[in-house]
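# Examination of the molecular architecture
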Amino acid sequence: MSDNEKPTLLVIDGHSLAFRAFYALPVDSFQNSEGQHTNAIHGFIAMLLNLLKNEKPTHIAVAFDISRYSFRTREYPEYKGTRGETPPEFIGQIPLLQEALKAMNITTISIEDFEADDILATLSVRGTDSGYRVLVVSGDRDTIQLVNDDVTLLYPSRQGVSDLTRYDPAKVKDRYDIEPHQYPEIAALVGETSDNLPGVPKVGEKTAIKWLHRFGSLDEIIAHADEITGKVGESFREHKDNAVRNRRLNRLVTDVELPCELDSLEKQPIDQGAVREVFAKLEFRTLLDRVMKLEGVENAEPAAPEITAPEAQNLLDEELAAWLSRQSTSSEHGIAVSVEIADGRPTGIGLASATESVALAWQPERADYAPFETWLADASAPKVMHSGKQQLKALRSAGLTVNGLAFDTFVAGWLLRPGGQDKTLADLVLRYLDEKLPEADPNQLVPAIEPSSAAALAWYTHRLVDPLLQRLDEGSTRVLRDIEMPIVDVLATVEARGVAVDRQHLDELSDSLGATARDLAQRAFAEIGREINLGSPKQIQEVLFEQLEMPTTRATKTGYSTDAASLADLQASHPHPFLGLLLEHRDATKLRQIVDSLVKAIADDGRIHTSYVQTGTSTGRISSTDPNLQNIPVRTQTGRHIREAFRVGDSHDSLLTADYSQIEMRIMAHLSEDPGLIEAFRTGEDLHRFVGARIFGVEPADVTSEMRAKVKAMSYGLAYGLSAFGLSRQLRIDNKEAKQLMSDYFERFGAVRDYLRNVVEQAKVDGYTTTIFGRRRPFPDLKSPNRTLRQNAERAALNAPIQGSAADIIKIAMINIESDIREAELTSRMLMQVHDELVFEVSDGEHDELERIVRTRMGDAANLSVPLDVQVGYGPNWDAAAH
DNA sequence: AGACTCACGTA
DNA sequence: CGTACGTGAGTCTA
């Protein structure tokens, strides 16, 4: 009988796989509305469904431990004694998993006094004896001993439980260079920390395998113990009893008395009703679909009565007014609004409470919607929106006043998962309601399903509020209420204002940069004797490393780097005119590209209206797109010419720029409470000079510019997790000197080092970092076994509270400034934010008052243990206004 | 057309 | 082998 014709018996270690699933899936993302965590169940079932689909077993059993105690703990009480407390979120998941399995008519087996592995072992022996192909799924390596020609072990990878590695005899041989039955002897020699089974000290996998090859078995190794030389030999002779004990304990029992016959494990059809019930309780919609599909159930009935959006009512005048007032008083979180937008203008409006919805076919100046307009403008009437900023802008462009945006589901979803993938309402509906938002398939010309109306979208938005609020901790809730919600309005306003630019100036720049680039390109071509595309890294590589035979640089995925730093290195070691020309050409084309993108972005009003993406970053910063106004050049002279094009509009007198000086270092001083750093900021002396004086042991006046540059690089690097290697490379000093600089630095500013270490440690414990104001950023990778991933996460975790707190601070300042300006009835206005800088248009005669507001509000945005210093400048354009 | 890589601008 | 972004060009893939 060939393997394909054999019946397949699938046996799973329930507890170990559920536990693996628990650690593989984020706890926070899997929770039903009763607050029961379900990540382990979800992961387990998903894995099980994959196995059912791919392996098509004819027989199935899932084994569970009854308790921590078994014949092994009686024999050796310390066995598994080091296992910690069960995580609270795991509790309750096993019984629910068993319930789900029962509903799927899958046999679960637990036997008093034995572990699940023993059941697996017994089943695999019984199975092979009866002519089955056996698949063992376990997260316990001891089950490797069960592998033979008929038994394959599926072992979960570190990433998760859905990715299973197949261990057949060949794979075991490949991985350990031994036969499967020999594995327990290796394990016995090496020991198993997680089971509290110490092995023979100094003996690791390598040594154990070597000995097994030499002597054949543990018994033989013991018989020849005297022949083993060196410290390892001594260690073995002293601790061989450990190995003997471990071997006794890790031998799986293959003749446990089972409560059932193999035949009874035959795969049965699921109990559809029971499955629907259990999956409904677990709120597993997608998994239910998969079960039903696997089961061949067509058009699966939904578990619960399908929740569909209430039919939208069409209300006018008094009826609309009555509805709004009724819902406002009865609805806990206010009324949800969804604006249908075309070309930036509203074309329809949906309103919804938890149970009802209303559709308004928006048309300008429709008198019968007056109650809606009144309600919209009422700041005391709370509104819920998804991605409110765009809708706010659209409504305002139609002449409506909007106040009282109280909750934005998009922003709330981002605060919960700031680096996450959730971009649309549909994403949130799927994640937090476990439902599919009816959407038209863009690939279908004739939509199969009716896409959701504005009223339905509003209804879904409203339903998201509770689950989101429930998941937001206290700090994040405060950040949402005090920072993120108020800033929505500010950003919408700032975007709508735009910033005036001088088109002619930009056009001239573009022409001149274009001419420069063409000239440089011709000269570069002359140097190498042919014309290539200078913008192609691939062709540059051909020229440098093949034609000119230069030494290769830093490796990239597709070859060798030709970035500016690499070219500069080459220029130093192998000078060639081509290199300099290429660098200059890159400069010119890059600048030209920026200029051209700005010109393209000029709107009909002669101004550039960027979009600030409130949910664009993991740290809490705002990003800017279409065009990005946060990366306009400033470091080079030509770059600053671009800034000259950003000018005051005709209606105003000048631009004002205000920026925080060294805000991140100040936050570091505050968070670390380092007395030296705090003093540095309180004296008001130049920071790098002050720090340099401390480190190099000289008077501040005697700090040379070279010393200052080193200290500056070090200080800035700190907040990014800079290494000695990185510092040495950046400063072009040797590694030894960089190390010395770092240790000198920490000698004087030890609290900074302690703080940075502590941030990472705490983040490992908590799973997230927190800013001064309570904004969280999760860091799952801090526990990754992958070193690169983990170290990247460590550096990001180090930086997150600092960068994030700075982001919080400037947002608070923006909110307060906007509010003060409005209250003072100034016509001066905020135009741009560039992370630590704000740009304003100042009206004639308002300089002093605006500057006072800006300085006050930026300065008092946070109460730190060091002052927040603000630098202010004026000018007719952005460059001139810088200081 | 869309995804990916590289390079490079800012804080 | 320093954090956080967005853009554009070239290149590869569907």
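Coordinates for the structure precede this section.
Along each chain, numbering runs from 1 in the same order as the chain's sequence is written. Chain A is the first chain written and ligand 1 is the first ligand written, with later ones labelled in order. Thresholds applied to this predicted model are a pLDDT of at least 70 for local features of residues and 80 or more for the giving and counting of side-chain atom pairs; totals over whole chains, interfaces and linings are not thresholded and use all residues. Hydrogens and water are ignored here; the side-chain numbers use all heavy atoms of the structure.

### Examining the overall build of chain A
Note the following rule: The numbering of helices and of strands both runs from the N terminus, where a helix is a DSSP run of H or I of at least 4 residues and a strand a run of E of at least 2. Note on classification: 1.4 Å probe, protein chains only; a residue is buried when its accessible area is under 20% of the maximum for its type, exposed when over 50%, partly exposed between these limits. Contact criterion: two residues are considered in contact whenever any of their non-hydrogen atoms come within 4.5 Å of each other. Here, Shrake-Rupley sampling with a 1.4 Å probe gives the accessible areas, and only protein chains in the shown set may cover a residue.
Across its full length, chain A carries 34 helices and 26 strands. Looking at chain A as a whole, 50% of its 883 residues are labelled buried. Taking the contacts inside chain A whose residues are at least 6 apart along the sequence as the reference set, 67% of them involve residues at least 24 apart. For chain A, the exposed surface amounts to about 41600 Å²; the carbon and sulfur share of it is 47%.

### Overview of the packing of helix 16 (residues 409-416) against helix 19 (residues 474-497)
Put simply, the rule reads: Orientation is described by axes fitted as lines to C-alpha atoms, over the contacting stretch for helices, and by angles from 0 to 180 degrees between their N-to-C directions. Any angle from 65 to 115 degrees is called roughly perpendicular, while one under 35 is roughly parallel, one over 145 is roughly antiparallel, and all others are oblique. Left-handed is the label given to a crossing in which the near helix is rotated counterclockwise from the far helix by less than a right angle, and right-handed is the label when the rotation is clockwise. Three categories are distinguished: nonpolar for Ala, Val, Leu, Ile, Met, Phe, Trp, Tyr, Cys and Pro, charged for Asp, Glu, Lys and Arg, and polar for the others, with Gly belonging to the last.
In contact at an axis separation of 10 Å, helix 16 and helix 19 are set at 135 degrees when each is read in the N-to-C sense. In terms of orientation, helix 16 and helix 19 fall into the oblique class. Two packed elements cross with a definite hand, and for helix 16 against helix 19 that hand is right-handed. Of the residues in helix 19, those in contact with Val 411, Ala 412, Trp 414 and Leu 415 of helix 16 are Ser 476, Val 479, Leu 480 and Glu 484. Grouping the amino acids of the contact of helix 16 with helix 19 by side-chain chemistry returns six nonpolar, one polar and one charged.

### Observations concerning the protein's contact with DNA strand C
Where we set the bar: Near residues are defined by distance, with any heavy atom within 4 Å of the molecule or strand qualifying the residue.
Around DNA strand C lies a shell of 33 residues, among which Asn 533, Ser 536, Ser 618, Ser 623 and Asp 626 are the nearest. Within 4 Å of the protein, the atoms of DNA strand C are drawn from sugar and phosphate moieties in a proportion of 76%. Elements that contribute at least two residues to the surface near DNA strand C include exactly helix 21 (537-547), helix 23 (577-600), strand 20 (623-625), helix 28 (705-718), helix 29 (724-731) and helix 32 (787-823). Class assignment for the residues of the surface near DNA strand C results in five nonpolar, 22 polar and six charged.

### Details of the packing of aromatic side chains
Let me state the cut-off plainly: Note on aromatic contacts: the rings of Phe and Tyr and the six-membered ring of Trp form a pair at centre separations within 6.5 Å, being stacked when their planes are under 30 degrees apart, edge-to-face when over 60 apart, and tilted otherwise.
Applying the stated rule across the entire model yields 14 aromatic pairs. Aromatic side chains Tyr 155 and Tyr 167 sit 6.2 Å apart centroid to centroid with 85 degrees between the ring planes, which places their arrangement in the edge-to-face category. With Tyr 155 in strand 5 (residues 151-156) and Tyr 167 in strand 6 (residues 164-167), this residue pair connects regions lying 12 residues apart in the sequence. For Tyr 155, a relative accessible area of 9% translates into the label buried. Where Phe 646 meets Trp 878, the ring centres are 5.2 Å apart and the plane angle is 70 degrees; that geometry is what we call edge-to-face. A residue pair is termed long-range when its members are at least 10 positions apart, and Phe 646 in the loop between helix 24 (637-644) and strand 21 (654-660) and Trp 878 in helix 34 (residues 878-881) qualify at 232 residues. Looking at Phe 646, the relative accessible area reads 0%, which means it is buried.

### Overview of a positive patch on the surface
How we decide: Two joining distances apply to patches: 9 Å for like charges and 5 Å for nonpolar side chains (Val, Leu, Ile, Met, Phe, Trp, Tyr), and every residue must have over 30% relative accessible area and no salt bridge. Salt bridge criterion: a side-chain nitrogen from Lys or Arg within 4 Å of a carboxyl oxygen from Asp or Glu. Only four residue types enter the charge count, namely Lys and Arg as positive and Asp and Glu as negative; His and the chain termini do not. Here the site of a charge means atom NZ of a Lys, CZ of an Arg, CG of an Asp or CD of a Glu.
Positive charge collects at one region of the surface, where Lys 53, Lys 56, Arg 290 and Lys 293 lie side by side. Here Arg 290 lies in helix 12 (residues 285-294).

### Overview of the pattern of salt bridges
Within the structure shown, the criterion is met by 38 salt bridges. Between Arg 396 and Asp 489 there is a salt bridge, and its shortest N-O distance comes to 2.9 Å. Within this pair, whereas Arg 396 is found in helix 15 (residues 388-397), its partner Asp 489 is found in helix 19, the two being separated by 93 residues in sequence. Its salt-bridge partner being Glu 679, residue Arg 694 comes within 2.8 Å of it at the nearest N-O pair. Of this pair, Arg 694 sits in helix 27 (residues 687-696) while Glu 679 sits in helix 26 (residues 675-683), and the two are 15 residues apart along the sequence. On the basis of relative accessible area, Arg 694 is assigned to the partly exposed category, the value being 29%. On the basis of relative accessible area, Glu 679 is assigned to the partly exposed category, the value being 37%. Within this structure, Glu 484, Arg 775, Asp 808 and Lys 811 form a network of salt bridges that share partners.

### Some remarks on the side chain of Glu 495
What counts here: Polar contact is the term for a pair of N or O atoms within 3.5 Å; when the atoms are in protein, one must be able to donate a hydrogen and the other to accept it, and sequence-neighboring residues count only if both atoms are side-chain atoms.
Looking at the secondary structure, you find Glu 495 in helix 19. For Glu 495, a relative accessible area of 2% gives the class buried. Of note is the side chain of Glu 495, whose polar atom sits 2.4 Å from the side chain of Lys 393. Residues in contact with Glu 495, not counting those within four places in the same chain, are Lys 389, Lys 393, His 609, Thr 610, Ser 611 and Tyr 612.

### Topic: the protein's contact with DNA strand B
Around DNA strand B, the structure places 21 residues, and the nearest of them are Lys 557, Thr 562, Val 634, Arg 635 and Asp 836. Backbone atoms, meaning sugar and phosphate, make up 85% of the atoms of DNA strand B lying within 4 Å of the protein. Thr 562 has a polar backbone atom sitting 2.6 Å from a phosphate oxygen of DNA strand B. No other element matches the three residues that helix 23 contributes to the surface near DNA strand B. Of the residues contributing to the surface near DNA strand B, the split by class is five nonpolar, seven polar and nine charged.

### Here we look at the packing of helix 27 against helix 30 (residues 735-748)
Across the interface, helix 27 lies against helix 30 with an axial gap of 9 Å and an inter-helix angle of 100 degrees. Between helix 27 and helix 30, the interaxial angle falls into the category roughly perpendicular. Across the interface between the two elements, Val 691, Arg 694, Ile 695 and Phe 696 of helix 27 pack against Leu 741, Asp 744, Tyr 745 and Arg 748 of helix 30.

### Describing helix 2 (residues 39-55)
At 3.6 residues per turn, the α-helix brings residues three or four places apart onto the same side. Just so we agree on the cut-off: For a helix, the expected span equals 1.5 Å multiplied by the number of residues minus one.
Between its terminal C-alpha atoms helix 2 stretches 24 Å, which fits the 24 Å expected from 17 residues at 1.5 Å a residue. Two residues or fewer after helix 2 comes Lys 56, characterised by a positive phi angle close to 45 degrees.

### Some remarks on the sheet that holds strand 9 (residues 312-313)
The criterion, for reference: Strands pair, by our definition, only if DSSP identifies at least two bridges between them.
The strand order across the open sheet formed by six strands is 9-12-11-10-13-14, and the pairing between neighbours is mixed. Taken across any chain shown, the strands that pair with only one partner, and hence form the sheet edges, are strand 9 and strand 14 (405-408). Examined bridge by bridge, strand 9 and strand 12 (residues 357-360) share two bridges and lie parallel to one another. Looking at the pairing, Ala 312 lines up with Ser 357 of strand 12. Where helix 14 (residues 370-377) meets the sheet, its contacts fall on strand 10 (335-342), strand 11 (345-352), strand 12 and strand 13 (383-385), and the angle it forms with strand 11 comes to roughly 80 degrees.

### A few points about the nonpolar core
What counts, and what does not: Residues grouped as a nonpolar core are buried Ala, Val, Leu, Ile, Met, Phe, Trp, Tyr and Cys residues, joined through side-chain atoms within 4.5 Å.
Ranked by size, the top nonpolar core spans 165 residues in total, and within it Leu 351, Phe 578 and Tyr 660 carry the most contacts. Sorting elements by how many residues they give to this core places helix 32 first, with 11 residues. By size, the runner-up hydrophobic cluster in this structure holds 49 residues, among which are Ala 61, Tyr 183, Val 200 and Leu 265.

### So, the layout of surface pockets
Here the idea is plain: a probe the size of a water molecule rolls over the atoms and shows the empty space left. Keep this limit in mind: A cavity, in this analysis, means grid points on a 1 Å lattice covering only the protein atoms where a 1.4 Å probe fits yet has no way out; a pocket is instead an open set bounded by protein on both sides within 12 Å along at least five of seven lines, and a residue lines either one if it has an atom within 4 Å of a point. Grid points are joined across faces, edges and corners, and a volume is the space filled by probe spheres set on the points.
For the second largest pocket, the calculated volume is near 1300 Å³. Considering the residues around the second largest pocket, the lining is formed by 36 residues, among which Val 634, Arg 635, Tyr 660, Tyr 716 and Asp 836 are closest to the centre. For the lining of the second largest pocket, the secondary-structure elements that each account for two or more residues are helix 24, strand 21, helix 25 (663-672), helix 28 and helix 32. Examining the composition of the lining of the second largest pocket, we find that four residues originate from one element, helix 28, more than from any other. A class-by-class count of the residues in the lining of the second largest pocket yields 13 nonpolar, 12 polar and 11 charged.

### Points about the environment of Glu 542
In this structure, Glu 542 sits in helix 21. On a C-alpha basis, the gap between Glu 542 and Ile 532 in space is 9.9 Å, while along the polypeptide they are 10 residues apart. Filtering out sequence-adjacent residues up to four positions away, Glu 542 remains in contact with Arg 530 and Gln 547.

### Observations concerning the pairing of strand 10
Two elements, strand 10 and strand 13, share two bridges in a ladder whose sense is parallel. Residue pairing for strand 13: Ala 336 is matched across the bridge by Val 384. With seven bridges joining them, strand 10 and strand 11 adopt antiparallel strand pairing. Of the residues in strand 11, the one forming a bridge with Ile 341 is Pro 346. Adjacent in sequence and paired antiparallel, strand 10 and strand 11 are bridged by two residues, among which Asp 343 carries a positive phi angle near 55 degrees.

### A word on the sheet that holds strand 5
Strand-to-strand pairing in sheets goes through backbone hydrogen bonds, with the strands running parallel or antiparallel. Read from one edge to the other, the open sheet built from six strands follows the order 3-2-1-4-5-6, with strand pairing classed as mixed. The open sheet has two edge strands, strand 3 (107-109) and strand 6, and neither has a second partner. Neighbour-to-neighbour, the strand axes of this sheet turn through a mean angle of 25 degrees, independent of strand direction. Note: strand 1 (residues 8-13) against strand 4 (residues 133-137), five bridges, orientation parallel. Across the sheet, Leu 9 pairs through a bridge with Val 134, a residue of strand 4. Sitting on the sheet, helix 5 (residues 116-129) is in contact with strand 1, strand 2 (59-63), strand 3, strand 4 and strand 5, with an inclination near 170 degrees to strand 1.

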